[in-house]
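Structural description and commentary
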Amino acid sequence: MAKGVRRAKSHFAGRLEFGNEVELQMHHGRSLDVIVNADILHAPWERLVEPERFAVAQLVAELIDAFCEPDLALPEVYALLTGVLSAVAASNDPRALVPRFSLRLLSSLGVEPPIDACVLCQKDLIDGHAWVDSQAGGFICARCRESWRDLIELDAEDVRNLADLGAPRGVARARVQARPRVAAAIEEIVVHHLGRKPKAAS
Ligand SMILES: [Zn+2]
């Protein structure tokens, strides 16, 4: 809780903007902790406020908020958040950052879909077609697919694109863009884990 933050004379004014990384001093409150001091570490706000970037930053914030428990420190997710907000603030196509961010968030939480094998029969997927079966927890092969189910189909190129997107940080091909069906597939898996479509996605 930031008391008086909306007052023009508040010493918090400008420090607690959305997306700012700040060092806080807080008092333990009964339900919410009360901020008594805030020092800015990093303030991407001026660049985040552009509509496209702001929409993506909101989506990033909503997903992290929804997937993470309060009071549980997740340093890997924190690093992912600060990294992706900086990338969004610097990007002319911020929406393109969402699929890889989503995969890395799922991976940090231990629920990323395996991208090299069918989740049902463990058969190799690379260079083969795959279908998105979010209920099964990932991608399935042609043998396991039931033809009556209307699942997103990925071709071999899409499957390779997915593997590139899931590559660990620092791997040279990590800057690769998601192909449209791959972006849709990742979104569907996020929606499955979240139990709903993110509000910011609309
Ligand atoms: Zn299979």
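Conventions we followed
Residues numbered from 1 in each chain as written. Predicted model: local features only at pLDDT ≥ 70, side-chain atom pairs only at ≥ 80, totals over all residues. Heavy atoms only, no water. Helix = DSSP H or I, 4+ residues; strand = E, 2+ residues; numbered from the N terminus. Buried < 20%, exposed > 50% of the residue type's maximum accessible area, 1.4 Å probe, protein only. Contact = heavy atoms within 4.5 Å. Phe/Tyr/Trp six-rings, centres within 6.5 Å; stacked < 30°, edge-to-face > 60°. Donors = N, O, S within 2.8 Å, 3.2 Å for Na, K, Ca; no water. Tetrahedral: all angles 85-135°; square planar, octahedral: opposite > 155°, others 65-115°. Axes fitted to C-alpha atoms, helices over the stretch in contact; angles between N-to-C directions. Parallel < 35°, antiparallel > 145°, perpendicular 65-115°, else oblique. Nonpolar A, V, L, I, M, F, W, Y, C, P; charged D, E, K, R; others polar.

Attention shifts here to the environment of Lys-197. One can find Lys-197 in the segment after helix H6 (180-194). In this structure Lys-197 comes out as exposed when scored by relative accessible area, which is 52%. Considered as a pair, Lys-197 and Glu-187 are 10 residues apart in the sequence and their alpha carbons are 8.8 Å apart. If sequence neighbours within four positions are ignored, Lys-197 has contacts with Glu-187 and Val-191.

Now for the packing of aromatic side chains. By convention here, two paired aromatic rings are described through the distance between centres and the angle between planes. Applying the stated rule across the entire model yields two aromatic pairs. Arranged with centres 5.5 Å apart and planes meeting at 75 degrees, the rings of Phe-18 and Phe-54 form a pair that is edge-to-face. Of this pair, Phe-18 sits in the segment before strand E1 (21-27) while Phe-54 is found in helix H2 (residues 51-67), placing the two residues 36 residues apart along the sequence. Given a relative accessible area of 27%, Phe-18 falls into the partly exposed group. Residue Phe-54 is classed as partly exposed on the basis of its relative accessible area, which comes to 29%.

For the rest of this paragraph, the subject is helix H4 (residues 98-108). Judged by how many residues are buried, H4 sits mostly within the fold: eight of 11 residues are covered. Those residues of H4 that are buried are in contact with H2, helix H3 (75-90), helix H5 (156-165) and H6. Looking one or two places after H4, you find Gly-110, whose phi comes out positive at around 80 degrees.

On the protein side, the zinc ion has Cys-118 (SG), Cys-121 (SG), Cys-141 (SG) and Cys-144 (SG) as donor atoms, found 2.2 to 2.3 Å from it. Taken together, the four donor atoms coordinating the zinc ion and their angles of 102 to 118 degrees define a geometry best described as tetrahedral. Each donor residue of the zinc ion lies on one chain, and together they are spaced C-x2-C-x19-C-x2-C. Of this pair, Cys-118 sits in the loop between H4 and strand E3 (130-133) while Cys-141 sits in the loop between strand E4 (138-140) and strand E5 (153-154), and the two are 23 residues apart along the sequence. Among the residues examined, Cys-118 registers a relative accessible area of 1% and is labelled buried. Residue classification places Cys-141 among the buried residues on the basis of a relative accessible area of 3%.

A few words now on the packing of H2 against H3. Relative to each other, H2 and H3 sit at 170 degrees, their axes nearing to 9 Å. Taken together, H2 and H3 sit at an angle that is classed as roughly antiparallel. Contacts from Arg-53, Val-56, Ala-57, Val-60 and Ile-64 in H2 reach Val-77, Leu-81, Val-84, Leu-85, Val-88, Ala-89 and Ala-90 in H3. Grouping the constituent residues of the contact of H2 with H3 by class yields 11 nonpolar, no polar and one charged.

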